[in-house]
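# Structure at a glance
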Amino acid sequence: MLNHLPRLSAYDPGAVGEGGLDPLGLAAVADRIADRLVPGIRARMSHPRFVTVSAIGAFANQALHELTADEGKTTVDIAFEWLVVEAIVRYPGDGRPEGLPGNQKAARARVANMRLSRRTYLSGPRVFGFTGVYRPLSRDARVLSLDDMPAENALRLVKAWERDFKLDGYVDGVAGTSGGRLRKDIADGCARSLEKGECACAPTGQLLRDLSDYLAPREAKSNERRVLRDLLAASEHEIRNELAATLMETPPSKETTQRDLARALLAKASRPTQQALRAAI
């Protein structure tokens, strides 16, 4: 009977707090400093071109916004991500998958001869997929609205992409144009994917090849880059504009630490920017 009675275990405080994302409770302060310095930007953002990619999907799928799969858990923006991520992994060019959220899972799915779906793509895709990662910047730059539809600056950005890749007619969905055909193919591919619950575009078809060629993270061309630069460095956020301009004029080396970078920026900064940088330091 005594063996079945409860007893105290040995005191073991070693695991307390382990694994916490914010063990010192400083995240709220850090977020406020970051929002003062660079509103809309997060540390996980490395390729601002994903703002363009999100807008391209938003234009194509405006009529599909109410469609979902997996009992409402998969929305059309996630279906578009399945297409884009699988396209870039299947047609990787010269290092195109680098920095692409979900590329490792997509590569494993390809080796296993599986298509991207809720089972094989990222957990929490609306947060960890490229649309989710870049959503704060997309909304801050007025490229996506709060309901993830094209906002006022989406037209300017996607029109620039149109010109760069000679895809006239994409934004307006003009039938018979190269851009109009691509937009229709994307919308049809997303609709079929939602119906099937996985990426439903032909693995060796033209659409996936085109998506890899037109949407690779580091292959933006001059007109699109110019608009992205304006959205980042000529915004309503004066401190962010100043920091971006300084960094573009004198890019730091890869070895520069965040603290050293903040101190270097401090020497050239205006008074409001100095105050924010001192808080960060």
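Figured I'd write up the structure that's included with this text. (Residues numbered from 1 in each chain as written. Predicted model: local features only at pLDDT ≥ 70, side-chain atom pairs only at ≥ 80, totals over all residues. Heavy atoms only, no water.)

## Notes on the overall build of the protein
For the protein, the count of helices and strands is 13 helices and two strands. Across its three principal directions, the C-alpha atoms of the protein cover 75 × 70 × 35 Å. For the protein, the proportion of its 281 residues judged to be buried stands at 44%. Look at the contacts in the protein between residues 6 or more apart in sequence, and 65% of them connect residues 24 or more apart. A total of about 16,000 Å² of accessible surface is found on the protein, and carbon and sulfur atoms cover 54% of it. Put simply, the protein has 41 plus and 36 minus side-chain charges, and the middle of one group is 2 Å from the middle of the other. (Helix = DSSP H or I, 4+ residues; strand = E, 2+ residues; numbered from the N terminus. Buried < 20%, exposed > 50% of the residue type's maximum accessible area, 1.4 Å probe, protein only. Contact = heavy atoms within 4.5 Å. Areas by Shrake-Rupley, 256 points an atom, 1.4 Å probe, with all protein chains shown as cover. Lys, Arg positive; Asp, Glu negative; His and termini not counted. Charge placed at Lys NZ, Arg CZ, Asp CG, Glu CD.)

## Examining the pattern of salt bridges
Pairs can form between side chains of opposite charge once their charged atoms are near each other. Scanning the model with the defined rule gives 20 salt bridges in all. We note a salt bridge from Arg-42 to Asp-35, for which the minimum N-O separation is 3.9 Å. The exposure class assigned to Asp-35 is partly exposed, which follows from its relative accessible area of 39%. Its salt-bridge partner being Arg-126, residue Asp-148 comes within 3.1 Å of it at the nearest N-O pair. A residue pair is termed long-range when its members are at least 10 positions apart, and Asp-148 in the loop between α6 (130-140) and α7 (154-165) and Arg-126 in helix α5 (residues 125-128) qualify at 22 residues. The buried category is assigned to Asp-148, whose relative accessible area is 10%. Assessed through its relative accessible area of 33%, Arg-126 is described here as partly exposed. Each of Asp-77, Arg-126, Arg-135, Arg-139 and Asp-148 takes part in a single network of salt bridges with overlapping partners. (Salt bridge = Lys/Arg side-chain N within 4 Å of Asp/Glu carboxyl O.)

## Quick word on unusual backbone geometry
Although it is not a glycine, Asn-113 adopts a positive phi angle of roughly 60 degrees. Here Asn-113 lies in the loop between α4 (103-111) and α5. Residue classification places Asn-113 among the exposed positions, given a relative accessible area of 70%.

On their own, these measurements won't tell you what the molecule is for.
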